[in-house]
Amino acid sequence: MYRHVDTAGRWVVRISYLLGAMSALVMLGSLLVGVFYRYVLDASLAWSDEVATLAFIWTIFLFSSALVRDFGHVRVALLLDALPRVAAEVFERAIVILVLIFGYILLTTGWDYTVFTANRVSAAVRYPMWLQNAAIPVCGGLIIFHAVVLLLRPTWIRDMPEVNNG
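Residues numbered from 1 in each chain as written. Predicted model: local features only at pLDDT ≥ 70, side-chain atom pairs only at ≥ 80, totals over all residues. Heavy atoms only, no water.

One finds V68, F71, L80, I95, V96, V99, L106, C139, I143, A147, L150 and I157 forming the largest nonpolar core, which totals 12 residues. W58, M129, A134 and L142 belong to the second largest nonpolar core, which has 9 residues in total. (Core = buried A, V, L, I, M, F, W, Y, C linked by side-chain atoms within 4.5 Å. Buried < 20%, exposed > 50% of the residue type's maximum accessible area, 1.4 Å probe, protein only.)

Another aspect to go through is helix 4 (residues 85–116). Taking 1.5 Å per residue as the helical rise, helix 4 with its 32 residues ought to reach 46 Å, and the 46 Å between its terminal C-alpha atoms agrees with that figure. By the burial criterion, the buried members of helix 4 are A88, E89, E92, R93, I95, V96, V99, G103, L106, G110 and T114. If you follow the buried residues of helix 4, they end up packed against helix 2 (48–69), helix 3 (77–82), helix 5 (129–133) and helix 6 (135–152). (Helix = DSSP H or I, 4+ residues; strand = E, 2+ residues; numbered from the N terminus. Expected span 1.5 Å × (residues − 1). Contact = heavy atoms within 4.5 Å.)

Moving on to the packing of aromatic side chains. Describing an aromatic ring pair means giving the distance of the ring centres and the angle of the ring planes. One pass over the full model with this rule turns up 3 aromatic pairs. For the pair F36 and Y37, a centre-to-centre distance of 6.1 Å together with 80° between the ring planes defines the contact as edge-to-face. Overall, the relative accessible area of 41% leaves F36 in the partly exposed class. When the ring centre of W11 is taken as reference, the NZ or CZ atom of R14 above it lies at 5.1 Å. (Phe/Tyr/Trp six-rings, centres within 6.5 Å; stacked < 30°, edge-to-face > 60°. Lys NZ or Arg CZ within 6 Å of the ring centre and 35° of its normal.)

Following the criterion strictly, the structure yields 3 salt bridges and no others. A salt bridge links D6 to R10; the shortest N-O distance between them is 2.5 Å. One end of the pair, D6, and the other, R10, are both in helix 1 (residues 2–40), 4 residues apart, so they sit about a helical turn from each other. Note on R10: relative accessible area 40%, which makes it partly exposed. Salt-bridge contacts for E89 lead to R93; the nearest nitrogen and oxygen are separated by 2.9 Å. (Salt bridge = Lys/Arg side-chain N within 4 Å of Asp/Glu carboxyl O.)

Spelled out as structure tokens, the structure:
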């Protein structure tokens, strides 16, 4: 069963990376168009900063959720390397549980905030603000999913090929 869940997790990460890269390209393109209009054509665009902000938020949250699967989240590997193997594994799994709790907080509070801003629109483009704020609960849900996949792992987390402790 874990093999299927792990495969699904890999696909979710690939999709997150793809959507995050597309979002980063939209952000970059929007900023470049805004700079071109401002400094070359001497005419400011009202929408370019808003589009860049929307794309930036989705880029950050998509890539940060994918980093959980790749074990790129913050942890003190120096201390873990100094511990015996079993103790280090216990701490690795405890860290994953803390990451899962963080994902839950993002999911619940992000959902509440998205609902709170559901009737608001952005100033220039007039896109619904829930579209921007939905990145928070989506990221929380993805973090929870990836953390559960790591916790279900039947072998040592420290033996994952993606883990680079130095």
